[in-house]
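Each chain, written out:
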Amino acid sequence: MDLRGKNAIVTGGSRGIGKAIALELAKNGANVLVNYTSNKAAAEATVKEMESYNVKAYAVQCNVTKSDDVKNMIKIAEENFETIDILVNNAGITKDNLLLRMKEEDWQQVMEVNLNGVFLCTKAVIRKMMKQKSGKIINISSVVGITGNAGQANYSASKAGVIGFTKSVAKEVATKNINVNAIAPGFIDTDMTAVLSEDIKNELIENIPLRRYGQPEDVAKLVLFLSSDFSNYITGQIISVDGGMAI
Ligand code: NDP
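Residues numbered from 1 in each chain as written. Predicted model: local features only at pLDDT ≥ 70, side-chain atom pairs only at ≥ 80, totals over all residues.

An unreviewed UniProt entry lists the protein under the name 3-oxoacyl-[acyl-carrier-protein] reductase, from Natronincola peptidivorans. Recorded in UniProt under Pathway (unreviewed entry), the annotation for the protein is "Lipid metabolism; fatty acid biosynthesis." According to UniProt, the comment filed for the protein under the heading Function (unreviewed entry) is "Catalyzes the NADPH-dependent reduction of beta-ketoacyl-ACP substrates to beta-hydroxyacyl-ACP products, the first reductive step in the elongation cycle of fatty acid biosynthesis." (UniProt positions renumbered as here; feature names shortened; annotations may be inferred.)

Given below as structure tokens:
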């Protein structure tokens, strides 16, 4: 898949799935801007790796919950990229607890990053994509946005929200040749899941038909496909990368 000449923004590209996505896009020729919140060193390391593929790469400090940060990130992208062809809304957090014990601020923070962040970043690029009459927006949802999960009411609600958002925006911008899709990863081996106990991990694997955790690259490969011309007739879809977890 040839993404040479294409320009991409990947939120949360400093670590985990976002980093794998940024590297996959760069490896296939795209120029990529990633954001980070506090982890500058990690974001700069991602940039160095991307540059080894002879593409332009940038790291920008941006909290996706802050409208001004997002506007500034897009301004920097526009200064460096003639077009914005690909937006990957990947930044996300968890604050797990049973509903009875869930603090209001934990509900709010998760919604702010996982759902409001997707809204702010998409809104910031959509006018440009509409003018270009082209664009690929890929939102990272989650298997639990489809199935729900005890202890993750906030996270599951935010990821289900991303699914509704994806389908609605896909309908709004389809005539402008913009494809909007979401990916629902299952259990992927990153910092986010590293905090789970061995007991929980062993229990989870029993529910994965392929009997293994996914790797960030498993998600990145699908993002590459959805960023490429091979996916031009696909929009408004939620595609699982979960080893069969949601079957
Ligand atoms: P990680 O915790 O490994 O990385 C999260 C990334 O998001 C980091 O780059 C972090 O930046 C960034 N980030 C967090 N908060 C903000 C914010 N407010 N503004 C901007 N960037 C922010 O997560 P994963 O790689 O595991 O997850 C990536 C996405 O995939 C998330 O949306 C997650 O919900 C989703 N997902 C993950 C699954 C898994 O099993 N891992 C399963 C299903 C979905 P910094 O480095 O600066 O902190």
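A. The arrangement of the pairing of strand β2 (residues 31-36) in detail. Among the six residues of β2, six are classified as buried, and the element is accordingly described as predominantly covered. Here strand β1 (residues 7-10) runs beside β2; their pairing, made up of four bridges, is parallel. Its bridge partner being in β2, V10 is matched across the sheet by V34. Once the chain exits β1 it traverses helix α1 (residues 16-27) before rejoining the sheet at β2, and the crossover so formed is right-handed. Direction of pairing for β2 relative to strand β3 (residues 57-61): parallel, over a ladder of five bridges. Counted as the bridge partner of V34 is A59 from β3. (Buried ≥ 20, exposed ≤ 12 C-beta atoms within 10 Å, placed from the backbone. Helix = DSSP H or I, 4+ residues; strand = E, 2+ residues; numbered from the N terminus. Pairing = 2+ DSSP bridges. Right-handed = clockwise from strand over helix to strand, strands pointing away.)

B. Inspection of the UniProt feature "domain: Ketoreductase" (unreviewed entry) in the protein at higher detail. In the UniProt entry, the feature "domain: Ketoreductase" (unreviewed entry) is given for residues 6-186. Along residues 6-186, the helical share is 51% and the strand share 18%, with 28 Å between the first and last C-alpha atoms.

C. Spotlight on the packing of α1 against helix α9 (residues 216-227). One way to put it is that α1 packs onto α9 with a least axis distance of 8 Å and a crossing angle of 45°. Between α1 and α9, the angle is such that the two are oblique. Between α1 and α9 lies a crossing of right-handed hand. Seen from α1, the contacting residues are G16, I17, K19, A20, I21, E24 and L25; seen from α9, they are P216, E217, V219, A220, K221, V223, L224 and S227. Considered class by class, the residues forming the contact of α1 with α9 number nine nonpolar, two polar and four charged. (Axes fitted to C-alpha atoms, helices over the stretch in contact; angles between N-to-C directions. Parallel < 35°, antiparallel > 145°, perpendicular 65-115°, else oblique. Left-handed = near helix turned anticlockwise from the far one by under 90°. Contact = placed C-beta atoms within 7 Å. Nonpolar A, V, L, I, M, F, W, Y, C, P; charged D, E, K, R; others polar.)

D. Quick look at the sheet that holds strand β6 (residues 178-185). In space, the seven strands of this open sheet follow the order β3-β2-β1-β4-β5-β6-β7, with parallel pairing throughout. Across the chains shown, the open sheet's two edge strands, defined by having one partner strand only, are β3 and β7 (238-241). Pairs of neighbouring strands in the sheet enclose a mean axial angle of 20°, with direction left out of account. Where strand β5 (residues 135-140) meets β6, six bridges bridge the pair, whose relative direction is parallel. Each residue of the ladder has a partner; that of G135, found in β6, is I178.

E. Structural detail: the site of the ligand. Taken together, 31 residues lie near the ligand, and G12, G16, N39, G92 and T190 sit nearest. Looking at the shell around the ligand, the elements with two or more residues in it are α1, β2 and α7 (191-194). Split into classes, the residues belonging to the shell around the ligand amount to 13 nonpolar, 16 polar and two charged. (Near = placed C-beta within 6 Å.)

F. Spotlight on unusual backbone geometry. Even without a glycine there, the phi angle at K133 is positive, about 60°. You can see K133 is positioned in the loop between α4 (104-132) and β5. What makes K133 exposed here is the crowd of 10 C-beta atoms within 10 Å. Within the chain, N177 stands out as a residue other than glycine whose phi angle is a positive 65°. With respect to the helices, strands and loops of the structure, N177 is situated in the loop between α6 (153-173) and β6.

G. View of the packing of α4 against α6. Where α4 contacts α6, the two axes come as close as 9 Å, and the packing angle between them is 15°. Taken together, the axes of α4 and α6 lie roughly parallel to each other. Judged by the sense of rotation from one axis to the other, the crossing of α4 with α6 is right-handed. For the pair α4 and α6, contact is made by D106, W107, V110, M111, N114, L115, V118, F119, T122, I126 and M130 and by N154, Y155, S158, K159, G161, V162, F165, V169 and V173, respectively. Its residues placed into classes, the contact of α4 with α6 shows 13 nonpolar, five polar and two charged.

H. Highlighting the nonpolar core. Core analysis: the largest hydrophobic core is formed by 67 residues, its most contacted members being I21, A22, L25, A26, V32, V219 and V223. With 10 residues, the single largest contributor to this core is α4. (Core = buried A, V, L, I, M, F, W, Y, C linked by C-beta atoms within 7 Å.)

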